[in-house]
Structure formats: C-alpha cells, structure tokens
Amino acid sequence: MSSDSFMSSDDDRPLATKSAPNGTNHVNGTTTNGHANGDEDYEMSEGEEKPLVKILILLSLNLKFAQLGIDLLFKSQATRKPGKASLPRKRKKPVIADSSSSDDDVPLASSPAKPSKAKKQNGKAGSNKERVVNKKPPKKKVKQESDASSDDEDEKPIIAKKAPKKARKVKEESPTDDSDDEKPIAKKTSAKSRAKVVKDEASSSEAPKAKKRAKAKTEDTEGTPVKGRGKKKEDEEEEEVFRWWEADPNGDGTSKWTTLEHNGVIFPPPYEPLPSNVKMKYNGKPVDLPPEAEEVAGFYGAMLETPHAQDAVFNKNFFDDWKKVMKDHPPRDGTKITSFELCDFRPMFEYFESEKAKKKAMTSEEKKAAKKAKDEMEAKYTQCTLDGRKEKVGNFRVEPPGLFRGRGEHPKKGALKQRVRPEDITLNIGKDAPVPVPNVPGKWKAVQHDNTVTWLANWTENINGNHKYVFLAAGSSLKGQSDMQKFEKARELKKHVDRIRLNYQSDLKSKVMADRQRATAMYFIDKLALRAGNEKGEDEADTVGCCSLRCEHVTLEAPDSIIFDFLGKDSIRYYNTVQVEPQVFKNIRIFKENKNDDDSLFDRVNTSSLNKHLNNEMKGLTAKVFRTFNASITFQRLLDEQQLSDSTLQEKLNAYNKANREVAILCNHQRTAPKTHDQSMERMRNRHRTLKYERMKLRHALFTIDPKFKKNKKYAEEESDLDDNWIASHEEQLKEKEIEKAEKKFARDNEKLAEEGKPPHDKSVLKERLDTIKDDFKRLAKERGTKKAVLKRDKSTEKIEEMIDKLTDKVKAFKLQMIDRDETKEIALGTSKINYLDPRITAAWCQTHNVPIEKIFSKTLVTKFPWAMEVDPDWKF
C-alpha cells in the first residue's frame, strides 16, 4: 500500500486518544475492542509516544517545520473535539483489505493454536476472547450508572468517521439515553437539533402511554366520546384484564411468580374395546386381539384411506412397533401375525367411519349437550391461580396415543406414540398449593416448586425424546412478557447491526478458516433470514439450516450467484438463486474444495459456536433474533413505502397482505397449495359473476324506468364475462334454491303449528308458493337479452343508482379478495404474524389507516398480543 493511501485513510484520526471514563479506549468514537474499527495494532498505552517520536525526527531534519508541527499539536489537543482531523498513527493494515487480495484464492489454513499474550498484541486482534474481555468493564460501569442504559460504547454501530462529535454530545447530555445508537452516524448536527433528538427519543416510551390509553378508552376510532353502557362495559372488562405491561413490562429476570396453583392436566380416557363383531383380519380370517394390541391396530385402521397408509416407511414403522406390542399381548386365538401384507384393517376402518357419520347426524341439541358436558369436565383445568389472579392455561390436555405422522420424510413416521400416564409427568406448583389429583389412576412422577420457570407440567415423549410442556395460554401475562421481550431484543439489534455487519464483512477475509466460515454463515443468516440449523441424527428428518448445510445443497453459478436447494424446517424445500458479494462467492468455492457432496459446507462452525459469538457481539443475540429483526424491519419498510391515503378498505388489506407475503417468502414460510384451492377459486369466480349479474339486473331495471340512462357511460357498459349460457344456468340454480327454501319453510311452519296444536297447512299452500317462484323465473327468462328488467318491488331511480354503486364497490373488493387468495395459496401468512412480525407494527398501521384490527388479526392473536393493541399510531419498529 502506498504512503499516500496510508495518509489519506487516517488524516481524520486524532493525534492521541484518552481512555473513556469506563475504561474503554476509543478512536474516532469507536471502540478498539479489536473488531469494528480494525485498528488491531494500536496499543493505547503507547499512543501518546509515537507522535512525539515523529516530531523529534522532524526536528533533526528541519527545525522550522518541526516547530510548526509542535504548535499545531498543542493547539489541536487544547481545542479539538471528537472527529477533528489529526495526525495518523502507524498501523499494519486497514480494516477491510482490498477485495482483489491474492490470498483470497488460496485454501485457508486450519485454525491455529491460541497465540500467547505477547503475540496477540502484534497479531490479529478482535478475537472473541479479546472482545469479551474489553466489553465487560464498560457494561458493568453502565449498569451501575443506570439500569435504563443497556448498551455501552463498545456496542455502537460504526458507520463513518465523522460521528464522535454527535455521539459524545448526546452522551454528555443524557448519560442513560442510547437512542442515538439507532441512527447512522453520518453528518454533523447543531446542538439544538441534537437536543431535540434526545428529547424526542426520550419521550418515546416502549410501553403504551397512560395518557394515550386513557384517551383511547374514552374515544372511539373516529374520535367521538364513548358514553353510557359501552363505557361501563369497557371499564368492567378493564378490571378483568391484568395489565402486566404497565406493572412490570420486562419481568424481573429471575422469579416468574410467587404463588402458583393449578389442577394439573387432563389425560385422555382409557381405551374402550371395539364391539365383538368388529375384528381385523389376517389372511382372510378374523383375529381376536387383546385390548392393548387392538388399540394400536385401530390407530392404523382409522388412517387406512389417508396418504400415510400408502407410505412404505410409515407402514414399516407401524408394523414393527405393533409386533412389539403383540409380543407382550399376543392374539387370544393364537394367530401368528408375521406379514403386514396379509393384514386387513378394513372392518375397523368401516366401523370408525360409521361412528363419525353418527356424530355428524346428531341434532344440534345433542351436540350442544355433549359440548356442555365436555366443557364442564374441563372447566377446572382451563385456569390456574398465579399470584392471586386467574390466568388461562394453554395446552392442558395430554395428547392421546396414536401413530406419529411427522412432517415431510421423517424416518420415524408411523411409529407408536405411547400413552402418557401420571407416572411420566412432573408438575410445577407453588410450595403451599395443594397437589392436584390425576383424572386417571396413578401418581405424578414428581412435584416441584420452581418459580424461575413458567411451565406447569412436563414430560418426555417416546418418539424423538422431546420434552413436552404445559404453559399458560397465549394471552397470559407470562407469555405476553416473553413475546414482548423477544421483539424488544430484536429492536435492540437495530443499535448494533451496523457494527456487527462490519465485523463479519472484515472476517469474510480472515486467515482463520473457522472465522471465515462463521462470517459467511452470518452473511447468509442476515441477508437470507436462514435458520441456524442443528445437527440431525440418523433417526431424524433430513432437514438442514445454515450451519448444517452440505456441499450438495449449494451450487456455484459464475460469476457471483449461488443456488440453494435443501429441505428446511418441516421438510419445506428452500430453493433460491442469490446474487452474492464476490468475496462470499470465493469463500463458498474454497469451502467446497476437496469435499464430497455429503460433506458439511461449514465444517468449522456449529449453531452453538455461532450463537456464542453472536452473544459476544450483543448480549442475548442469537440467529433467531436476527431472523425476527430482519422480518420485522423489512415488514415496517414495506408498509411505510405504501401510499394508501385514498385507498378502499380492501385495497389496504391487500397492500398489508402483500407486505406480509414478501416477509413470508423471505423467511421461507411456504405451504402446499390446499387440495380444495381450485374448487374454492371457482366458487369465488361464480360469486363474482353473481354480483355482476345482480348489478346487470339493476341497470336493466333502470333502463326500463328511464331509457335515458342507457346513454350514461356509468351504466352503458355490459358485464364482460356474463354470456347467455352462464345466465341461463345461474337462473336455473337460483330457481332450484328458491324452491328448496320454500319447501323447507313449509315443513318448519307445519312443525310449529303441530307444536301449538293447530292443523298444518294444506299442500295447496306450498303449491301456490312454488307457482309464484316459477312465474318469477319465467319472467327472468323472457327478459334475457332484452336489456329490460322489472324488480319484485318498485324502487325509485335514486335508490337503484345507490344500489348499483354499492354493488360496484362489492365487485371491486371481491375481485381484490380473489387476487389475494390466489397469490397466497402457497404462502403461510400466519407463521410470520404469530412469530416474526412485531404486532405493534400492525396495531400502529391499523390506527394510521383506519383499518379495524379484526380484519387482520384473528381473535386469538388479539388475545395473544394485548400489550401491542394500545401502541401509538406513529410507533415504528
């Protein structure tokens, strides 16, 4: 590197740098913890001496110029502010090396042994260990000064070299205010404007404002005061809801509750043997199975007509587990079942189908009675008492035994999910709470009193060895705190993301293979919102994430594109061609060298080490937080780009769903198009034509009343997709529906008369009604093609015009619904709404654009995110 380039890159650097009050050294307003600024070779203890050595050398050469340099030195140290131009100090290399470095094309060496402390001073700084050591003191200092400030100067994003003046000024004015970390440091601002920024940021609270809430309670969406019973009802509801986000929005971090009392879980009822005449067959003969073996056979029999029963892996796993059960509980008639192909489960399937049909045929009163009995039985399990208040419990039912279905090509699909008993379950309750009694015979495995966790019960399922938990319902205070903290952690990443990106960009050229692989993985997680991924065992589905990618999943396409093709979570295929930076392309080529297709692409990185590194970059940061951050920040940007001032409600909803779709695509929230999608779209198209038909008849009625309307462009245009054949077919369908409706009404009327002890209507009454309907449709048939129509009831032209306008709006809105439905057929919008999009973005957007939140959030989601519903309209992620 030439001396000119060296001087030009550092001519903004101060001559000497004093240590920050918290013990962290800063250069240009950035930390020297080894990574963000790239000044690996500076040693701050010697920083004051090097410029003086230069001055002495200059004095020996030219006294006049040296004296001038000394004057400038003292003047700059007396009056300089952060960001002021100053002499450079020696360094070995810049932060980001030239992209054309010849070293990038050679294979990287394996990770070297950890250098000694002396070597580390002259070698590459910025290792994970060094960063942690340098970060700890300032964090501790900041915590002592104020709990409100969670970010020290080590964690500030580094954007440009001119920023320190602004950053320090804000810091001096408000030591606990770190709001400026959210803004790129790009240009100087006046003291007045900086003060305004601090004031505005400080006034923006994360929790909803009490004053705004009070206003929201007394005003409706249009600003009119709420009076009378409505207000009283709201006040009553407010008393029932525990507003935890006002009392303690972040939780206490350790103890989650003081007292906890609940009734445990509901176990499914014991197995009831099938009627004696319902037997599975083996080699054409009925088999007398004991209840234990019969139950497992019934699990398969119920699924006989599903795609699962056509799957070879599913069938093999079922049969293997069923044979194990029959080893302990063999057929009572001595039949030896050894071949799956000779088994006939059809009698069981037919019995189960007949039972389903009986349930469907139940009267509404019988269904209500059955539901009431079930609700009464479950009532005491649906709620618990947490710190003296009632909270809803989420999944209080223990899953019944059955066959594991899995997702995608799971190797264990078809395996037997064993019945969970009280002896398998550990309860978590308060110390003084009574221990609940199980609703089936047995004793709990254990009872504990751990108030640092939020689960009420847990057990381990037998298929994958996963732990199952019973938590409070989605709208509970503990779940709400967890959700809010998750999204707040993602928002916090805004303050650090620029620095983290600079760090992994510099590590893309690291000489250490592990660091380079980690940086490349972080690049993909950041840019493509990939999941981190975990290693899978042989008995698990072959799904991968970023860290577990194999060489076969990534294909290079010159000059700078990478093709990803792998199965992600839930065996959803991820196929994407991505244009990447040249350095990333080089790295992938290097990582794939001398490897087989089934070798790991990132063989020096795993999820644990990656998350550990991310935690060093920002406390609590994981790959999942990056995913939540990218989803929410992208969603906020897409919504802000929209111009919806004059849009209809349906246009606004379509715009919202379009933004949601783009985020779902980013996160690979795909789904298989529903099997009924085509039929559903055809029904929508018919409904769309029906609306047009109704509008056409109104237009023709208008022409009949006053022919001058034919010249009006608003009414002159004919419906484009309504031909005579469709109209004839549609009117015939309408006729059949009207006749059916009349017949049902006639039957209901007679039933009512019989209950009242009165004689029923004569059939002539029904005949008269049917004749009237037939006459009406004969008239419609005569009107066909004449552009004339007569309405059943006389209406004024003004009324008809009003009806036409309403139908026109309906036609447009329904067309937008059709487009939205079709575009979303292979995208799962709900996943991102529930897990990745900060609900406050939606709540604020709905208030800004006067969209009822119920049009976007289901009742379940509104209940899940009560803390987000009262956010200010101008709130931004």
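The chain is annotated in an unreviewed UniProt entry as DNA topoisomerase I of Leucocoprinus birnbaumii.

With that settled, consider the overall build of the chain. When helices and strands are counted, the chain shows 29 helices and 17 strands. Within the chain, buried positions represent 41% of all 877 residues. For the chain, the exposed area adds up to about 49,900 Å²; of that, 52% sits on carbon and sulfur atoms.

A cluster of basic residues, Lys 792, Arg 793, Lys 795 and Lys 799, forms a positive patch at the surface. A residue is classified by how much of its surface remains accessible, and Arg 793, at 67% relative accessible area, is exposed.

The next point concerns the pairing of strand β7 (residues 383–386). Only one face of β7 is covered, namely the face carrying Cys 384 and Leu 386; the face carrying Gln 383 and Thr 385 is uncovered. By the bridge criterion, 2 bridges tie strand β3 (residues 260–261) to β7 in an arrangement that is antiparallel. Paired with Glu 261 across the strands is Thr 385, a residue of β7. The sheet contact formed by β7 and strand β8 (residues 389–392) spans 4 bridges and is antiparallel. Bridging from a neighbouring strand, Thr 385 pairs with Lys 390 of β8. Joining the antiparallel neighbours β7 and β8 is a turn of 2 residues, in which Asp 387 adopts a positive phi near 50°.

Attention shifts here to the environment of Arg 604. With respect to the element layout, Arg 604 can be found in the loop between α18 (582–592) and α19 (607–617). Residue classification places Arg 604 among the partly exposed residues on the basis of a relative accessible area of 35%.

Here we take up the sheet that holds strand β16 (residues 561–567). The strand order across the open sheet formed by 3 strands is β15-β16-β17, and the pairing between neighbours is antiparallel. Only two strands of the sheet have a single partner each, and these edge strands are β15 (554–557) and β17 (573–579). Geometrically, the sheet is characterised by an average inter-axis angle of 15° between neighbouring strands, direction not taken into account. Alignment of β16 against β17, held across 7 bridges, turns out to be antiparallel. When the sheet's bridge partners are listed, Phe 566 is paired in β17 with Tyr 574. Each of β15 and β16 touches α18; the most contacted strand, β15, lies at about 125° to it.

Turning our attention to the UniProt feature "active site" (unreviewed entry) in the chain. Cross-referencing UniProt, the feature "active site" (unreviewed entry) maps to Tyr 836 in the present numbering. When you line up the elements, Tyr 836 lands in the loop between α27 (829–835) and α28 (839–848). A relative accessible area of 6% places Tyr 836 in the buried class. Ignoring any residue separated from it by four or fewer positions in sequence, one finds Tyr 836 in contact with Phe 487, Arg 531, Arg 627, Thr 628, Ala 631, Ser 632, His 669 and Thr 831.

Attention shifts here to the nonpolar core. Counting residues in each nonpolar core, the largest one holds 75 residues, and the members touching the most others are Leu 493, Phe 524, Ile 562, Phe 564 and Phe 602. Beyond its immediate stretch of four places on either side in the chain, Phe 602 contacts Gln 517, Thr 520, Ala 521, Phe 524, Cys 546, Cys 547, Leu 549, Ile 588 and Phe 591. In this structure, Ala 293, Val 296, Ala 309 and Phe 340 belong to the second largest nonpolar core, which totals 28 residues.

A few words on the side chain of Asn 654. For Asn 654, the position within the fold is in helix α21 (residues 649–666). Not counting residues within four places of it along the chain, the set of residues in contact with Asn 654 comprises Leu 816 and Asp 820.

Our focus in this paragraph is α28. Because an α-helix completes one turn every 3.6 residues, residues spaced three or four positions apart along the sequence face the same direction. Buried residues dominate α28, accounting for 8 of its 10 residues. Buried residues in α28 make contact with α15 (477–492), α20 (623–640) and α21. Where α28 ends, the next residue or the one after it, Asn 850, has phi of about 55°, a positive value.

Let's shift gears to the pairing of strand β14 (residues 467–470). Of the pairings in the sheet, the one linking strand β13 (residues 457–460) to β14 comprises 4 bridges and is antiparallel in character. Directly across from Trp 459, in β14, lies its bridge partner Lys 468. Adjacent in sequence and paired antiparallel, β13 and β14 are bridged by 6 residues, among which Gly 465 carries a positive phi angle near 75°.

The strand order across the open sheet formed by 3 strands is β5-β4-β6, and the pairing between neighbours is antiparallel. In this open sheet, the two edge strands, each paired with only one partner strand, are β5 (285–286) and β6 (343–344). Direction of pairing for strand β4 (residues 281–282) relative to β6: antiparallel, over a ladder of 2 bridges. For Tyr 282, the partnering residue across the bridge sits in β6 and is Cys 343.

Within this structure, the stated rule accounts for 28 aromatic pairs. Aromatic pair Phe 319 and Phe 340: ring centres 5.7 Å apart, planes at 70°, arrangement edge-to-face. Here Phe 319, found in helix α12 (residues 312–328), pairs with Phe 340, found in the loop between α12 and β6; they are 21 residues apart in sequence, far enough to count as distant. We note that Phe 319, like Phe 340, is buried. Ring pairs connect the aromatic residues Tyr 504, Tyr 523, Phe 524, Phe 564, Phe 566, Tyr 574, Phe 591 and Phe 602, which therefore count as one cluster. We note Lys 479 situated over the ring of Phe 471; from NZ or CZ to the ring centre the distance is 4.7 Å. The cationic tip of Arg 627 hangs over the ring face of Tyr 836; the distance from NZ or CZ to the ring centre is 4.9 Å.

It is worth spelling out the environment of Leu 766 at this point. With respect to the helices and strands, the residue Leu 766 is situated in helix α25 (residues 763–783). With relative accessibility at 17%, the residue Leu 766 sits in the buried group. Taking the C-alpha atoms as reference points, Leu 766 and Ile 739, separated by 27 residues in sequence, lie 9.7 Å from one another.

For the chain, the average pLDDT comes to 76, and 70% of its residues sit at 70 or higher. Between residues 1–50, whose pLDDT stays under 50, and residues either more than four places distant or in other chains, the model counts 124 contacts. Counting contacts from residues 110–239, a segment whose pLDDT is below 50, to residues more than four positions away or on other chains yields 176 contacts.

For the rest of this paragraph, the subject is the pattern of salt bridges. Here the structure, examined in full by the defined rule, presents 42 salt bridges. Between Asp 640 and Lys 876 there is a salt bridge whose closest N-O contact spans 2.9 Å. Note that Asp 640 is positioned in helix α20 and Lys 876 in the segment after α29 (859–864), a separation of 236 residues in sequence. Judged by relative accessible area, Asp 640 falls into the partly exposed class, the value being 41%. Looking at Lys 876, the relative accessible area reads 43%, which means it is partly exposed. With a shortest N-O distance of 2.9 Å, Arg 661 and Asp 820 are connected by a salt bridge.

Take helix α11 (residues 291–302) next. Taking 1.5 Å of rise per residue, the 12 residues of α11 would be expected to cover 16 Å, and the 16 Å separating its terminal C-alpha atoms lies within 8% of that figure. Most of α11 sits inside the fold, with 9 of its 12 residues counted as buried. Residues of α11 that are buried: Ala 293, Glu 294, Glu 295, Val 296, Ala 297, Gly 298, Phe 299, Tyr 300 and Gly 301. Packed against the buried residues of α11 are α12, α13 (346–360), β9 (402–403) and β10 (416–417).

On to unusual backbone geometry, then. Backbone torsion omega between Ala 558 and Pro 559 reads 5°, so that peptide bond is classified as cis. In this fold, Pro 559 is placed in the loop between β15 and β16. The backbone phi angle of Asp 387 is positive, close to 50°, even though this residue is not glycine. On the basis of relative accessibility, which here comes to 30%, the residue Asp 387 falls in the partly exposed class. In the Ramachandran plot, Asn 850 falls in the positive-phi region, its phi being about 55° despite a non-glycine side chain. Counting through the fold element by element, Asn 850 comes out in the loop between α28 and α29.

The rules behind the values
- Residues numbered from 1 in each chain as written.
- Predicted model: local features only at pLDDT ≥ 70, side-chain atom pairs only at ≥ 80, totals over all residues.
- Heavy atoms only, no water.
- Helix = DSSP H or I, 4+ residues; strand = E, 2+ residues; numbered from the N terminus.
- Buried < 20%, exposed > 50% of the residue type's maximum accessible area, 1.4 Å probe, protein only.
- Areas by Shrake-Rupley, 256 points an atom, 1.4 Å probe, with all protein chains shown as cover.
- Patch = residues over 30% accessible without salt bridge, like charges linked within 9 Å, V, L, I, M, F, W, Y side chains within 5 Å.
- Salt bridge = Lys/Arg side-chain N within 4 Å of Asp/Glu carboxyl O.
- Lys, Arg positive; Asp, Glu negative; His and termini not counted.
- Charge placed at Lys NZ, Arg CZ, Asp CG, Glu CD.
- Pairing = 2+ DSSP bridges.
- Axes fitted to C-alpha atoms, helices over the stretch in contact; angles between N-to-C directions.
- Contact = heavy atoms within 4.5 Å.
- UniProt positions renumbered as here; feature names shortened; annotations may be inferred.
- Core = buried A, V, L, I, M, F, W, Y, C linked by side-chain atoms within 4.5 Å.
- Phe/Tyr/Trp six-rings, centres within 6.5 Å; stacked < 30°, edge-to-face > 60°.
- Lys NZ or Arg CZ within 6 Å of the ring centre and 35° of its normal.
- pLDDT = per-residue confidence, 0-100.
- Expected span 1.5 Å × (residues − 1).

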